[in-house]
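Tertiary structure, described
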Amino acid sequence: TALTAAGPNIGLSLGTLLAGLLPQLGLLSVEGLFHAYMALLAAAAVLCALSTETMAFATESLAAVLIPKVAMPKRLMRLFFIAACGFVGTWGLGFFQGFSARLAGMVFEGSGPLLAGLVYLCLIIPNATMGLCIGRFNPTKVLPAIITLFFAAVVCAFGALHFGHPMLFLAAVALTGA
């Protein structure tokens with residue numbers, strides 16, 4: 001569903017904004033933010049342990065479950081390879097979050113957790129919103145245009161980064177996320 005596709009990116013957006021805003025405003029230190037995250041993670045682990053399993057046990061052996069299985073209809077094989085190229089490129093840009101602080105410093109000649117978070121939000125918010133909208137389109141018709149737009153936006157983002165144009169960089173990053 002659209003919510004399943006866009007939900008993680010909405011969570012990443014809110015988490016990124018809070019992770020930048022709280023230390024920047026002095027409400028919580030980076031170490032305090034880490035400890036709060038670890039407490040939430042521990043609470044989630046406890047809730048997972050207490051929840052009931054919905055999968056029926058003993059339908060497959062453990063060894064069979066751990067072996068990956070991939071099945072693809074022959075008529076969709078060409079589209080699969082085109083989509084795989086886009087997914088690999090998108091996954092590679094996922095490392096953007098780790099480098100957003102450095103990129104913010106390079107483009108805006110300043111640093112800070114909020115600025116790094118805002119640069120990353122320019123990538124992830126369009127991705128979340130387009131995840132909600134894209135389900136209405138036919139993938140075989142839209143995918144080539146999306147891949148072309150993604151490639152052009154990445155080239156533009158690197159060009160703006162090289163030539164030091166902050167607003168062009170943010171616009172190109174937002175197009176890359178979309």
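The preceding data block contains the structure.
The following refers to the structure shown.

**What to know about the overall build of the protein**
- Regarding its fold elements, the protein presents eight helices and zero strands.
- In the protein, the succession of α and β elements from N to C terminus is α-α-α-α-α-α-α-α.
- With 178 residues in all, the protein has 20% of them scored as buried.
- For the protein, restricting intrachain contacts to residue pairs at least 6 apart in sequence, the fraction spanning at least 24 positions comes to 67%.
- On the protein, roughly 12500 Å² of surface is accessible, and the fraction owed to carbon and sulfur atoms is 75%.

**A word on helix α7 (residues 139-163)**
- An ideal rise of 1.5 Å per residue puts 36 Å on 25 residues; α7 measures up with 35 Å between its terminal C-alpha atoms.
- For α7, the full list of buried residues reads Leu143, Phe150, Ala153, Val154, Ala157, Ala160 and Leu161.
- After α7 finishes, the residue Gly164 shows a positive phi value of roughly 75 degrees.

**Description of the layout of surface pockets**
- A volume near 340 Å³ is recorded for the second largest pocket.
- Along its surface, the second largest pocket is lined by 16 residues, and Gly15, Thr16, Ala19, Gly20 and Leu33 are the ones closest to its centre.
- Of all the secondary structure elements, the ones that give two or more residues to the lining of the second largest pocket are α1 (2-24), α2 (30-50), α5 (96-108) and α6 (113-133).
- With seven residues, α1 is the largest single contributor of residues to the lining of the second largest pocket.
- In terms of residue class, the lining of the second largest pocket is made up of 10 nonpolar, six polar and no charged.

**Re the nonpolar core**
- Judged by nonpolar contacts, the single largest core of 15 residues is most densely connected at Val119, Leu161, Phe169 and Val173.
- Residue assignment for this core shows that the elements contributing at least two residues are α5, α6, α7 and α8 (166-177).
- When residues in this core are grouped by element, the largest group, five residues, is from α6.
- Once residues lying within four places of it in the same chain are set aside, the contact partners of Leu161 are Leu103, Met106, Val107 and Phe169.

**Here's the deal with a nonpolar patch on the surface**
- Side chains of Leu17, Leu21, Leu25, Leu27, Leu28 and Leu118 sit close together on the surface and give an oily, nonpolar patch of about 500 Å² of accessible area.
- Its location among the elements puts Leu27 in the loop between α1 and α2.

**Thoughts on the packing of α7 against α8**
- At a minimum axis distance of 8 Å, the contact between α7 and α8 shows a crossing angle of 155 degrees. Relative to α8, the element α7 is oriented roughly antiparallel. Regarding α7 and α8, the two cross each other, and that crossing is left-handed. In this structure, α7 contributes Leu149, Phe150, Ala153, Val154, Cys156, Ala157, Ala160 and Leu161 to the contact, and α8 contributes Leu168, Phe169, Ala172, Val173, Leu175 and Thr176.

**Brief notes about the environment of Met130**
- Within the element layout of this structure, Met130 appears in helix α6.
- Given the relative accessible area of 32%, Met130 is considered partly exposed.
- Between the C-alpha atom of Met130 and that of Gly177, which follows or precedes it by 47 residues, the distance is 8.6 Å.

Calculation rules
- Residues numbered from 1 in each chain as written.
- Predicted model: local features only at pLDDT ≥ 70, side-chain atom pairs only at ≥ 80, totals over all residues.
- Heavy atoms only, no water.
- Helix = DSSP H or I, 4+ residues; strand = E, 2+ residues; numbered from the N terminus.
- Buried < 20%, exposed > 50% of the residue type's maximum accessible area, 1.4 Å probe, protein only.
- Contact = heavy atoms within 4.5 Å.
- Areas by Shrake-Rupley, 256 points an atom, 1.4 Å probe, with all protein chains shown as cover.
- Expected span 1.5 Å × (residues − 1).
- 1 Å grid on protein atoms, 1.4 Å probe; cavity = no way out; pocket = protein on both sides within 12 Å on 5 of 7 lines; lining within 4 Å.
- Points joined across faces, edges and corners; volume = space filled by probe spheres on them.
- Nonpolar A, V, L, I, M, F, W, Y, C, P; charged D, E, K, R; others polar.
- Core = buried A, V, L, I, M, F, W, Y, C linked by side-chain atoms within 4.5 Å.
- Patch = residues over 30% accessible without salt bridge, like charges linked within 9 Å, V, L, I, M, F, W, Y side chains within 5 Å.
- Salt bridge = Lys/Arg side-chain N within 4 Å of Asp/Glu carboxyl O.
- Axes fitted to C-alpha atoms, helices over the stretch in contact; angles between N-to-C directions.
- Parallel < 35°, antiparallel > 145°, perpendicular 65-115°, else oblique.
- Left-handed = near helix turned anticlockwise from the far one by under 90°.

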